[in-house]
Amino acid sequence: MALQLEALSKSYGTVEVLRPIDLEIKDGEFLTLLGPSGSGKTTILRMIGGFTQPSGGRILLDGQDLARVPTNKRPFNTVFQDYALFPHMSVAKNVGYGLSIRRMPKDEIARAVQEALDTVGLGSFHDRSPAELSGGQRQRVALARAIVCRPRIVLLDEPLSALDAALRRQMQGFLKDLQRQIGTTFLFVTHDQQEALTMSDRMVVMNVGSVEQIGSPKDIYYRPRTRFVASFIGDNNLCEADIDADGRLVTPMGATARPDGVEAAPRRVLMAVRPELISLSPRDNALETEAEVLSVEFAGAGSDMTLRLPGIETPFTARITSEPGQTPPAPGARQSIWIRRDDIAVVEKAAEQAP
Amino acid sequence: MTSRTSRLLLFALAASVPLLLVVLPIGNFFVMSFWRVSDNVIVPDATLANYAGFLENDAYWRTFLFTIGLCAAVAGIGIAIGYPVSYFIWRLRGRIKYLLLLLLILPLFMSYIVKIYTMRSILGLNGFLNKFLVFTGILDQPSTLFLYNRTAILITMATILLPFVILPIFLTLERIPKSLTQASADLGAGAGTTFWRVVLPLSLPGTAAGALFTFVLALGDYITPQMVGGPNGFTFGRVIWSQFGLAYNWPFGAALAVIMFLFALAVIGLAAFMAARQR
């Protein structure tokens, strides 16, 4: 147990930007807050950093309330969205800023700065001015500056959003490796689900000021619990289904035993199926149905097939692997599909509370 | 008309305004500074006598040096008052911030003469300042120290020119991203350290600009010294004015004006050079 948020909330006047949230951030984990803009994810980060005052609830570090601890006394360091490098200082002065405030001897600062710059791969950049650096390099300097003071938690506020796609990918891997290497807790805020899935140990999916789901990337991806999570993360096919009195899952494609971990109480639910989990060949323990092909779109690595399923209003998308010689079914053709029971995610309708 | 000639025409049109309104009058002065006056008639000549006259008569360059010192003091007082004021306005939040700023630069929209008379009525023997000091018991009786002397020039100029200090300083402060002061706090710095190590260095350009504005404006001001300076408050601006208005020695006045102009240029050039080196 490192950092605990207890019923932490934030309102501006009558506008509630963050509903009371409980969250535990474990030592050494890479935790991501994922959500669209206005979901409250950055507000949480800023309250932990001490830049924004909470309206309610508590932030506890090892059981100690941080309410009266100002930003400069909190053992956290932030990587800001715009990097916030001091333009009038060299790279080395930027990185050593926090250490010099702690009155560390000059030679020790120099050593620590060198080590931090080496860690981020900018070992020979001391005397450069931030203006002379590329976006990716500034990012690394900001990172070095944040880790050099050995904070308990590194807070990262959408640090990759200003980078182009290729560099972003590269930085994602780099950040993850760095976090593993130094073992420091990273709290990462992003609106990019791909980024969150790639990097996180655990992720918190947020929407309009409240937490939708907390779990590992695999959990979140394959076992979404709310409609928002099912549709926000990756692509999903959604339709209504029921749990009947016998505890079976009744879908428009037929009934099957309910997937593991789903409650038995009879009710109306939503089922979600990932496009890549719809199979065109027979599978065990699967629902089978004959669909009508509406269109096929070639997309390089795979093809997206739009299918009309009997009894389901919204067409489903199936992602099938493309092969050079293969001719995909023409629009209008009938196509049998299989969906494994375990590949169906059951989303509670009750969990999708209206905001 | 080809695009080349039309572009030339456009350039000529654009260049003609500063040429006619700035370069020509200054050039006129420069040329006139080599002329001389004989029997109240200006004679076109090519003499350095006017410049020699300035250097030979120590009353002139003493006044010149005194004026430079005075204007430097005006700029210094301006910064000493203007910087803290700008800083505290900058730290305010919401509408009050811009309201206060507007209030402080409001005198810029007022007539110069009105401002000087206002200052006179504040600094005079029956003025607000004396009444206040007597009322609070700091002085036993009204003092004549505040008007018709050098102190009066200093106080009046510093007050009137204050908006020219506050505005550029406030603008550089506004340009400092919030994330920088937050990053400083995030890295462990208290408010004081953040000020000394982040805010102050980043607001130096605006501070220098404010000081420079004030200095150069004070240098050229001859009305304020005339109105509040009394017999002791003889500044270089007044000397120049007297050459035109009283002595009717325009060439000599022109030479003195050229000297002051070159000095102001040198100060601005030096400031620009230092700013460029810092970067």
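No experiment lies behind these values; they were computed from the predicted model shown.

(A) Structural view of the overall build of chain A. A count of helical and extended segments in chain A gives eight helices and 20 strands. C-alpha atoms of chain A, sized along the principal axes, occupy 75 × 50 × 35 Å. For chain A, buried positions account for 50% of its 355 residues. Of all intrachain contacts in chain A linking residues separated by at least 6 positions in sequence, the fraction that spans at least 24 positions is 66%. Total accessible area computed for chain A in this model is approximately 16,300 Å², and 47% of it derives from carbon and sulfur atoms. Averaging the positions of the 41 positive and the 44 negative side-chain charges in chain A gives two centres separated by 7 Å.

(B) Layout of the packing of aromatic side chains. Residue and element names in this part refer to chain A. A full pass over the atoms with the stated rule returns 25 aromatic pairs over all chains. With a centroid separation of 5.7 Å and 55° between ring planes, the pair formed by Phe51 and Phe80 is classed as tilted. Here Phe51 is found in the loop between α1 (41-49) and β4 (56-61), whereas its partner Phe80 is found in the loop between β6 (76-79) and α2 (91-101), with 29 residues between them in sequence. Over the ring of Tyr221 we find Arg274; its NZ or CZ atom is 3.7 Å from the centre of that ring.

(C) Representation of helix α3 (residues 58-91) of chain B within the structure. Across its 34 residues, α3 of chain B extends 49 Å between first and last C-alpha, which sits within 8% of the 50 Å expected from 1.5 Å per residue. At Gly82 of chain B, α3 of chain B is deflected by roughly 25°, the largest bend along its length, and proline Pro84 of chain B occurs up to four residues later in sequence.

(D) How the structure looks around the environment of Met199 of chain A. Residues and elements named next belong to chain A. For Met199, the location among the structural elements is in helix α6 (residues 193-199). On the basis of relative accessible area, Met199 is assigned to the buried category, the value being 1%. Separated by 168 residues in sequence, Met199 and Leu31 have C-alpha atoms that sit 8.7 Å apart. Ignoring sequence-local partners within four residues, the contact set of Met199 consists of Phe30, Gln172, Leu175, Lys176 and Phe188.

(E) A look at helix α2 (residues 49-56) of chain B. Residues and elements named next belong to chain B. Those residues of α2 lying buried are Asn50, Tyr51 and Phe54. Viewed end-on, α2 has its buried residues packed into an arc of 100°, placing them on one side of the element. In α2, those exposed residues whose orientation departs by more than 90 degrees from the buried face are Leu55 and Glu56.

(F) Highlighting the interface of chain A and chain B. Contact with chain A, which involves 21 residues of that partner, is made by 17 residues of chain B. For the chain A and chain B pair, buried surface summed over both sides reaches about 1,700 Å², with 59% attributable to carbon and sulfur atoms. When the buried surface of chain A facing chain B is broken down by residue, Asn72, His88 and Tyr97 of chain A rank first, second and third, together holding 30% of it. If you look at where chain A meets chain B, you find zero salt bridges. Remark: the boundary between chain A and chain B carries nine residue pairs in polar contact (both at pLDDT 80 or more). Looking at the side of chain A that touches chain B, the elements that each hand over two or more residues are β6 and α2 of chain A. For the side of chain A that touches chain B, the leading source of residues is α2 of chain A, giving four residues. Of the residues assigned to the side of chain A that touches chain B, the class counts are 10 nonpolar, seven polar and four charged.

(G) Quick peek at the sheet that holds strand β16 (residues 286-299) of chain A. All names here are of chain A. What the five strands build is an open sheet, ordered β15-β19-β16-β17-β18; its pairing is antiparallel. Each edge of the open sheet carries a strand with a single partner, namely β15 (278-279) and β18 (316-321). Two elements, β16 and strand β19 (residues 334-340), share seven bridges in a ladder whose sense is antiparallel. Residue pairing in the sheet places Glu288 in a bridge with Trp338 of β19.

(H) Spotlight on the layout of surface pockets. All names here are of chain B. Empty space within the second largest pocket amounts to approximately 820 Å³. Along the wall of the second largest pocket there are 29 residues; nearest its centre are Arg91, Arg93, Lys178, Thr181 and Gln182. Partitioned by chemical class, the residues of the lining of the second largest pocket number 12 nonpolar, 10 polar and seven charged.

(I) Representation of the nonpolar core in the model. Phe54, Phe215, Val228, Phe236, Ile240 and Leu256 of chain B are the most contacted members of the largest nonpolar core, which totals 40 residues. Within the residue set of this core, elements represented by two or more residues are α2, α3, α5 (112-123), α7 (150-160), α10 (191-220), α11 (223-228), α12 (236-245) and α13 (250-278) of chain B. The leading source of residues in this core is α13 of chain B, at nine residues. In contact with Ile240 of chain B, not counting residues within four places along its chain, are Gly253, Leu256, Ala257 and Met260 of chain B. Core analysis: the next-biggest nonpolar cluster, separate from the first, contains 35 residues, Phe30, Phe125, Ala144 and Met171 of chain A among them.

(J) Quick look at the confidence of the model for chain B. Model confidence for chain B is summarised by a mean pLDDT of 90, while 99% of its residues fall at 70 or above. Element-level mean pLDDT values for chain B span from 85 in strand β2 (residues 41-43) of chain B up to 96 in helix α9 (residues 178-186) of chain B.

(K) Region of the structure containing the pairing of strand β17 (residues 302-308) of chain A. Residue and element names in this part refer to chain A. Burial analysis of β17 places five of its seven residues in the buried class, the great majority of the element. Of the pairings in the sheet, the one linking β16 to β17 comprises seven bridges and is antiparallel in character. For Glu292, the partnering residue across the bridge sits in β17 and is Arg308. Hairpin connection, β16 to β17: the antiparallel pair is bridged by two residues, and Gly300 has positive phi, about 80°. Note: β17 against β18, six bridges, orientation antiparallel. Counterpart to Gly302 in the pairing with β18 is Thr321.

Rules behind the numbers
Residues numbered from 1 in each chain as written. Chains lettered and ligands numbered in written order. Predicted model: local features only at pLDDT ≥ 70, side-chain atom pairs only at ≥ 80, totals over all residues. Heavy atoms only, no water. Helix = DSSP H or I, 4+ residues; strand = E, 2+ residues; numbered from the N terminus. Buried < 20%, exposed > 50% of the residue type's maximum accessible area, 1.4 Å probe, protein only. Contact = heavy atoms within 4.5 Å. Areas by Shrake-Rupley, 256 points an atom, 1.4 Å probe, with all protein chains shown as cover. Lys, Arg positive; Asp, Glu negative; His and termini not counted. Charge placed at Lys NZ, Arg CZ, Asp CG, Glu CD. Phe/Tyr/Trp six-rings, centres within 6.5 Å; stacked < 30°, edge-to-face > 60°. Lys NZ or Arg CZ within 6 Å of the ring centre and 35° of its normal. Expected span 1.5 Å × (residues − 1). Bend = angle between axes of the 7 residues up to and from the residue. Arc of directions from axis to C-beta. Buried area = accessible area lost by both parts, 1.4 Å probe. Salt bridge = Lys/Arg side-chain N within 4 Å of Asp/Glu carboxyl O. Polar contact = N/O pair within 3.5 Å; in protein donor to acceptor, adjacent residues only side chain to side chain. Nonpolar A, V, L, I, M, F, W, Y, C, P; charged D, E, K, R; others polar. Pairing = 2+ DSSP bridges. 1 Å grid on protein atoms, 1.4 Å probe; cavity = no way out; pocket = protein on both sides within 12 Å on 5 of 7 lines; lining within 4 Å. Points joined across faces, edges and corners; volume = space filled by probe spheres on them. Core = buried A, V, L, I, M, F, W, Y, C linked by side-chain atoms within 4.5 Å. pLDDT = per-residue confidence, 0-100.

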